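Residue-level structural notes
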Amino acid sequence: MAAAAATAAAKGNGGGGGRAGAGDASGTRKKKGPGPLATAYLVIYNVVMTAGWLVIAVGLVRAYLAKGSYHSLYYSIEKPLKFFQTGALLEVGIVPSSVVLTSFQVMSRVFLIWAVTHSVKEVQSEDSVLLFVIAWTITEIIRYSFYTFSLLNHLPYLIKWARYTLFIVLYPMGVSGELLTIYAALPFVRQAGLYSISLPNKYNFSFDYHAFLILIMISYIPIFPQLYFHMIHQRRKILSHTEEHKKFE
Amino acid sequence: MKHYEVEILDAKTREKLCFLDKVEPHATIAEIKNLFTKTHPQWYPARQSLRLDPKGKSLKDEDILQKLPVGTTATLYFRDLGAQISWVTVFLTEYAGPLFIYLLFYFRVPFIYGHKYDFTSSRHTVVHLACICHSFHYVKRLLETLFVHRFSHGTMPLRNIFKNCTYYWGFAAWMAYYINHPLYTPPTYGAQQVKLALAIFVICQLGNFSIHMALRDLRPAGSKTRKIPYPTKNPFTWLFLLVSCPNYTYEVGSWIGFAIMTQCLPVALFSLVGFTQMTIWAKGKHRSYLKEFRDYPPLRMPIIPFLL
């Protein structure tokens, strides 16, 4: 869902690092964009994020080659992953539209990184972690380079195509990874009573993190199809529109 | 007297929906809406939004045709606001829920707490007091809805009732669960804390009621007039000197009082969420006042004196 929401927010009405000024989503060219200073900031932000996720991608490949297996690769990219995914919180302010969708997307990613994977050390060696890390990495590299090129008004069709096509596989992949990871964390959370507080206490409050995680998993059921079909719809709109444009060139 | 012709087009598709001829120049939008309903009965007036521009603001029911910037053939654009429900219905439903739900927890109805606690009673005085306060609060709201408030709008979108009831009923259940729990821990500073909190609660309830009455008296029955509210002889209304929406100020105060009384974190969270929403409303109201009245008192803040 964090994977899907990222792409959905990005594609729907633009989440992520600045698509202001870029003909996007509906294909209408909005002449008014950010000023030159803001544009510079956005370009730098998107370039840095693209680079960051490339670092993670390279880190994964190198670790795989060094270890000779794809198990427990999380440890080799743990720090840049935390850094760049958490850094995406900055996007929430600079996105021109749908603060709700963007913050939802970033929050769910940050939740998975910190409140699940970081907090429950036992799941860090699970293969499901690799599943969502790969999905996120590929998605983000494409998404941030899409924004960079859009801001510079020079978007290669390949990038646009990739952004609106690869999600078909990456989204379910990411969601599977996320769900399996949360599921794997459950017994350890219950055992340790992680982030949970029970009665009696002087603030008359209780919280069961184990139950909360189960609720999160259940919430994927209504949310995932909505986001997925929204992106399919966006894909049809944008890729066919581009085809038409090409016809008239 | 020249008659007008009115054509009504769909704001999105521009499809011609209705053509009215021989419309009186002094006809109101409300009357035009009624005429439109005759040809499209599924769109009762409350769900019609008519405007001069497809993307523009809705015209008001009181607007008069000849006063609008239109020729003798007026084109109006129609937007369906969706199914509507009356404000009174929404308020009664959203307030009756918490009243009833809290009592389910207070009386420890089966299947909430362990079976050995079914229909037992808490041994803490503050728990009984809290039930009285919470119930009083919602009874007051219900009575105000029926007898005090004069609503500007008749209806709101139907989906609001689901949203609003989820909020009120959900929080009521959440708070009530802990306050009436067999393992409830009474306030740290005991009777002192409860007495202080009760005083805050009562004062704020009286304050809130005073403001509602003052606002009611500003507006004649059946009208939608808006006037600047001013302090009256009732000291509770003197808060108008400092804020635009003292009703919200007092409401927040009541819930803070209730939170201190019960020393229950969910109550504090409910107060916080409510405060956030009321601040948004107060700011909007404050802005409207400033826009509408040139001589609006400059000292006033929206909800918190001098601050917010």
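Given the structure is predicted, the values throughout are model-derived calculations rather than measurements.

1. A short note on the overall build of chain B
Each helix and strand counted, chain B has seven helices and six strands in total. What you see in chain B, going N to C, is helices and strands ordered as β-β-α-β-β-β-α-α-β-α-α-α-α. Each of the three principal axes of chain B carries a C-alpha extent, and together these read 75 × 50 × 30 Å. Buried residues in chain B amount to 44% of all 308 residues. Taking the contacts inside chain B whose residues are at least 6 apart along the sequence as the reference set, 72% of them involve residues at least 24 apart. Of the roughly 16,500 Å² that chain B leaves accessible, carbon and sulfur atoms contribute 65%. Distance between charge centres in chain B, computed from 35 positive and 19 negative side chains, equals 9 Å.

2. Describing empty space enclosed by the protein
Residue and element names in this part refer to chain A. For the structure shown, the criterion picks out two cavities of 30 Å³ or more. Within this model, the largest cavity holds a volume of roughly 60 Å³. No other element matches helix H6 (residues 127–151), which puts four residues into the lining of the largest cavity. Residue classes in the lining of the largest cavity are distributed as eight nonpolar, three polar and two charged.

3. Digging into the interface of chain A and chain B
Interfaces are often described in size by the accessible area the parts lose on coming together. Facing the eight residues of chain A at the interface are twelve residues of chain B. The contact between chain A and chain B buries some 900 Å² in all, and 60% of this surface belongs to carbon and sulfur atoms. Ranking the residues of chain A by area buried against chain B places Leu199, Asn204 and Phe205 of chain A at the top, with a combined share of 60%. Taken together, chain A and chain B are joined by zero salt bridges. Counting every contact that joins chain A to chain B gives six residue pairs in polar contact (both at pLDDT 80 or more). Split into classes, the residues belonging to the side of chain A that touches chain B amount to four nonpolar, three polar and one charged.

4. Considering the sheet that holds strand E1 (residues 4–10) of chain B
All names here are of chain B. Here we have four strands laid out as an open sheet, ordered E2-E1-E4-E3, and mixed in their pairing. The strands lining the two open edges of the sheet, one partner per strand, are strand E2 (16–23) and strand E3 (48–51). Each strand of the sheet is rotated relative to its neighbour by a mean of 25 degrees, with strand direction disregarded. In the sheet, E3 pairs with strand E4 (residues 73–80) via four bridges, with the strands oriented antiparallel. Residue pairing across strands places glutamine 48 opposite aspartate 80, the latter belonging to E4. On top of the sheet, helix H1 (residues 29–39) reaches E1, E2, E3 and E4; it is set at about 120 degrees to E3, its chief contact.

Definitions and limits used
Residues numbered from 1 in each chain as written. Chains lettered and ligands numbered in written order. Predicted model: local features only at pLDDT ≥ 70, side-chain atom pairs only at ≥ 80, totals over all residues. Heavy atoms only, no water. Helix = DSSP H or I, 4+ residues; strand = E, 2+ residues; numbered from the N terminus. Buried < 20%, exposed > 50% of the residue type's maximum accessible area, 1.4 Å probe, protein only. Contact = heavy atoms within 4.5 Å. Areas by Shrake-Rupley, 256 points an atom, 1.4 Å probe, with all protein chains shown as cover. Lys, Arg positive; Asp, Glu negative; His and termini not counted. Charge placed at Lys NZ, Arg CZ, Asp CG, Glu CD. 1 Å grid on protein atoms, 1.4 Å probe; cavity = no way out; pocket = protein on both sides within 12 Å on 5 of 7 lines; lining within 4 Å. Points joined across faces, edges and corners; volume = space filled by probe spheres on them. Nonpolar A, V, L, I, M, F, W, Y, C, P; charged D, E, K, R; others polar. Buried area = accessible area lost by both parts, 1.4 Å probe. Salt bridge = Lys/Arg side-chain N within 4 Å of Asp/Glu carboxyl O. Polar contact = N/O pair within 3.5 Å; in protein donor to acceptor, adjacent residues only side chain to side chain. Pairing = 2+ DSSP bridges. Axes fitted to C-alpha atoms, helices over the stretch in contact; angles between N-to-C directions.

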